[in-house]
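# Observations on chain architecture
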Amino acid sequence: MAELLIRNGSVFDPSRGINGDVMDVAIRDGRIVESVGSAAKVIDATGKTVMAGGVDVHSHVAGPKVNAGRTMRPEDKLFKSPMASAGNRMEMGFSIPSTFKTGYDYARMGYAFVMEAAMPPLHSAHVHEEIHDTPIIDEAALPVFANNWFVMEYLKRGEIENAAAYTAWILNATKGYGIKAVNPGGTEAWGWGLNCLTLDDQVPFFQITPKEIISGLIKTNEYLGLPHSLHLHQNDLGNPGNFRTTIDSLRLAEGITATNKFGREQVLHSTHLQFHSYGGDNWGNFESKAREVANYVNGQKNITFDLGCVTLDETTTMTADGPFEHHLNSLNHLKWTNVDVEVETAAGVVPYIYSPKIKVCGIQWAIGLELALLCTDLNRCFVTTDHPNAGPFTRYPRIYSWLMSQKYRQATLDSFKHSAKVVDATEIASLDRELSLYEIAQMTRSGPAKALGLGNLYGGLSPGMDGNVVVYDLDPAALPSDPEVLEAAFQRASWFVKTGEIVVKDGEIMGHGNKRTLWVNAKVPENPQVRRDVHDKFLKDYTVGLDTYHVRDYLLPNPYVIEVDMEA
Ligand SMILES: [Zn+2]
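In this report, we go over the structure that sits alongside the text.

Criteria and thresholds
- Residues numbered from 1 in each chain as written.
- Predicted model: local features only at pLDDT ≥ 70, side-chain atom pairs only at ≥ 80, totals over all residues.
- Heavy atoms only, no water.
- Pairing = 2+ DSSP bridges.
- Helix = DSSP H or I, 4+ residues; strand = E, 2+ residues; numbered from the N terminus.
- Axes fitted to C-alpha atoms, helices over the stretch in contact; angles between N-to-C directions.
- Contact = heavy atoms within 4.5 Å.
- Donors = N, O, S within 2.8 Å, 3.2 Å for Na, K, Ca; no water.
- Buried < 20%, exposed > 50% of the residue type's maximum accessible area, 1.4 Å probe, protein only.
- Parallel < 35°, antiparallel > 145°, perpendicular 65-115°, else oblique.
- Left-handed = near helix turned anticlockwise from the far one by under 90°.
- Nonpolar A, V, L, I, M, F, W, Y, C, P; charged D, E, K, R; others polar.
- Patch = residues over 30% accessible without salt bridge, like charges linked within 9 Å, V, L, I, M, F, W, Y side chains within 5 Å.
- Areas by Shrake-Rupley, 256 points an atom, 1.4 Å probe, with all protein chains shown as cover.
- Salt bridge = Lys/Arg side-chain N within 4 Å of Asp/Glu carboxyl O.
- Core = buried A, V, L, I, M, F, W, Y, C linked by side-chain atoms within 4.5 Å.
- Domains from an automatic or database assignment.

To continue, consider the sheet that holds strand 15 (residues 314-319). Spatially, 15-17-16 is the arrangement adopted by the 3 strands of the open sheet, whose pairing is antiparallel. The sheet is open, and its two edges are formed by strand 15 and strand 16 (337-341), each paired on a single side. Strand-to-strand twist across the sheet, computed as the mean angle between neighbouring axes with direction ignored, equals 15 degrees. Sheet analysis places strand 15 next to strand 17 (residues 345-353), joined by 6 bridges and oriented antiparallel. From the neighbouring strand, Thr317 faces strand 17, where its bridge partner is Val350. The sheet contacts of helix 10 (residues 322-332) involve strand 15 and strand 17, and relative to strand 17 the element is tilted by about 30 degrees.

Put into structure tokens, the structure is as follows:
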């Protein structure tokens, strides 16, 4: 039996309310246990911080749009490309890293799980090929639904049962995890040169509105009892004044309770909320509405959200929100890639430079941090950059540092060309809250794991859970005052143990772990109508045949299947 003891560390495990207690963590055969024998390998964590492996609820790390970004931006590879060494693979790319670098960098930061946040069903094989290629970190992927012709036709007729049967079929065919909605109706409308910027805009030819799509998908999700809630990228992303549409969207969850067996308490996850908390009505009077949005979310216990923090880097934006990418390209005139995914969705890719010299970028930076600092329940607020849209995931340690130090926030603010204007348009300068290691662990471990219905596997250190444990070279009793030292400690863990195997030591990759792909197998009663609709639409509207649509099993050599059975 493989036994491991992480001895004497300061443990932060919000899933059990453990806040820096000095204790041991024991692992046997890949799982956390109460204790191990005297022959166990010992890792000395004295004077160091110990947490469960991190959980990233929203990131774009695999699939056609990520690959399109790599292809169109060879310059992204120039930023950092360490050579292969010691049996590891060459690493390259900054905002759109190679699959190998993606796996290694998440491991170095002590992350155990990442959700690929937008899988076009038609291209799910490509998504799984890249997931398969990414070492160490466990992954799952969310198929996109909110511009899908089947879904819009079922929901406009109020046919939740049929929408649920179709959703279950897609999850099985694509080996997907849950329901993602991107700019509901707007991406389909863009096929006609239009968009849906408010919840009441009609989707051309479908006689349905974003409001009906969002409400219908929440109901579909709870009807099925999936482990995660509806995962929503709201309409009107990235535009001044969009906070009203955001709050209108969140209101659609009011009065709905979660129905599932996974411990999930929320019915709606609002993603990259930074991009949706904008005031003003043009870029000249653009301002933060983080307080309005945070106040609403604080009062609604059935909503979770992630931040989408701007990290002030040159990056590569990519989203199924096709009309937004077209709009962004008309603002910055850099490169633009655009794809229509027949029947289902679309996507765009545009490089972007969040410059500290630009007032709008400074305000965006402030909004992401404000949302966390104004949040009263950090178990419902998760750290993301919507990688790579607001910045690369490798900047999470810098975000922790900003959240933990007002002095560091002020220093960054002072470095802006238009710092006075950023102060005027935001509250960031007056927020003196400094988050603790416990709160960082809530936002990166216990909170996201629970929201994904994975609280029994990830995000905590209870016996029976996966043996994912990270040791950071940070003494909680004497945290470094230099934000760069704090950031470096989170960037390169002293140790990271992934399902019982040491994969990182002193920030270096030691092994490729036993990477796993999670998906949800939802069983619903036999539905002849949906079966017929799928058959007919593949003949009539798709350019591919139904028999080539399913993801093949060999792409998931180490699957973890979560069973949901409506009939049981
Ligand atoms: Zn995203």
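And the narrative resumes.
This part is about the coordination of the zinc ion. Distances from the zinc ion to its protein donors, His58 (NE2), His60 (NE2) and Asp386 (OD), fall at 2.0 to 2.1 Å. Mapped onto the polypeptide sequence, the residues donating to the zinc ion form the spacing pattern H-x1-H-x325-D. A residue pair is termed long-range when its members are at least 10 positions apart, and His60 in the loop between strand 6 (54-59) and helix 1 (64-72) and Asp386 in the loop between strand 18 (381-382) and helix 12 (396-404) qualify at 326 residues. By the burial criterion, His60 is buried, and Asp386 matches it.

One turn of an α-helix holds 3.6 residues; hence residues three or four places apart share an orientation. Along helix 8 (residues 243-251), the positions that sit buried rather than exposed are Phe243, Thr245, Thr246, Ile247, Ser249 and Leu250. On its buried side, helix 8 packs onto helix 7 (210-224), strand 10 (230-233), strand 11 (268-270), strand 12 (278-279), helix 9 (290-298) and strand 14 (303-306).

What follows deals with the sheet that holds strand 10. Ordered by their spatial adjacency, 5 strands build an open sheet running 9-10-11-14-18, and the pairing between neighbours is parallel. Edge positions in the sheet fall to strand 9 (180-182) and strand 18, since each of these pairs with one other strand and no more. Strand direction decides the pairing type here: strand 9 and strand 10, joined by 3 bridges, are parallel. Within strand 10, the residue paired with Ala181 across the bridge is Leu232.

The topology assignment puts Ser401 in helix 12. Under the relative-accessibility criterion, Ser401 is labelled buried at 0%. Taking C-alpha positions, Ser401 is 24 Å from Glu287, a pair spaced 114 residues apart along the chain. If sequence neighbours within four positions are ignored, Ser401 has contacts with Tyr408, Pro483, Leu486 and Glu487.

Here helix 4 (residues 149-156) crosses helix 17 (residues 528-540) at 140 degrees, and the two axes come no closer than 12 Å. Here helix 4 lies oblique to helix 17, going by the angle between them. For the pair helix 4 and helix 17, the crossing hand works out as right-handed. Taken together, the residues of helix 17 that come into contact with helix 4 (itself represented by Trp149, Phe150, Glu153 and Tyr154) are Gln529, Val530, Asp533, Val534 and Lys537. Taken together, the residues of the contact of helix 4 with helix 17 sort by class into 5 nonpolar, 1 polar and 3 charged.

On the surface, a cluster of nonpolar side chains totalling about 380 Å² of accessible area is made up of Trp192, Leu194 and Phe205. In this fold, Trp192 is placed in the loop between helix 6 (186-190) and helix 7.

Summed over the entire model, instances satisfying the criterion amount to 34 salt bridges. When the shortest N-O distance is used, the salt bridge between Lys498 and Asp138 registers 2.7 Å. Placement of Lys498 in strand 20 (residues 495-498) and of Asp138 in strand 8 (residues 138-143) is noted, with a sequence separation of 360 residues between them. Look at Asp138 and you get buried, because its relative accessible area is 0%. The residue Glu526 makes a salt bridge to Arg531 at a minimum N-O spacing of 2.8 Å. According to the relative accessible area criterion, Glu526 is exposed, its value standing at 58%. Through salt bridges with shared partners, a single ionic network connects Arg31, Asp138, Asp466, Lys498 and Arg516.

Tyr177, Leu217 and Trp365 are the most contacted members of the largest nonpolar core, which totals 147 residues. For this core, the element with the highest residue contribution is helix 11 (residues 359-373), accounting for 10 residues. Two domains share this core, each providing at least three of its residues, namely domain 1 (3-51 + 460-509) and domain 2 (52-451). Those residues in contact with Leu217 that sit more than four places away from it in its chain are Phe145, Ala146, Val151, Leu155, Ile179, Ala181 and Leu230. Core analysis: the next-biggest nonpolar cluster, separate from the first, contains 18 residues, Val25, Ile43, Ala52 and Leu461 among them.

Here strand 5 (residues 49-52) shows a buried face lined by Thr49 and Met51 and a second buried face lined by Val50 and Ala52. Summarising the sheet, strand 1 (residues 3-13) and strand 5 pair through 3 bridges and their orientation is parallel. Residue pairing for strand 5: Ser10 is matched across the bridge by Thr49. Note that strand 5 and strand 19 (residues 469-472) share 4 bridges and pair antiparallel. Bridge pairing links Met51 to Val470 in strand 19.

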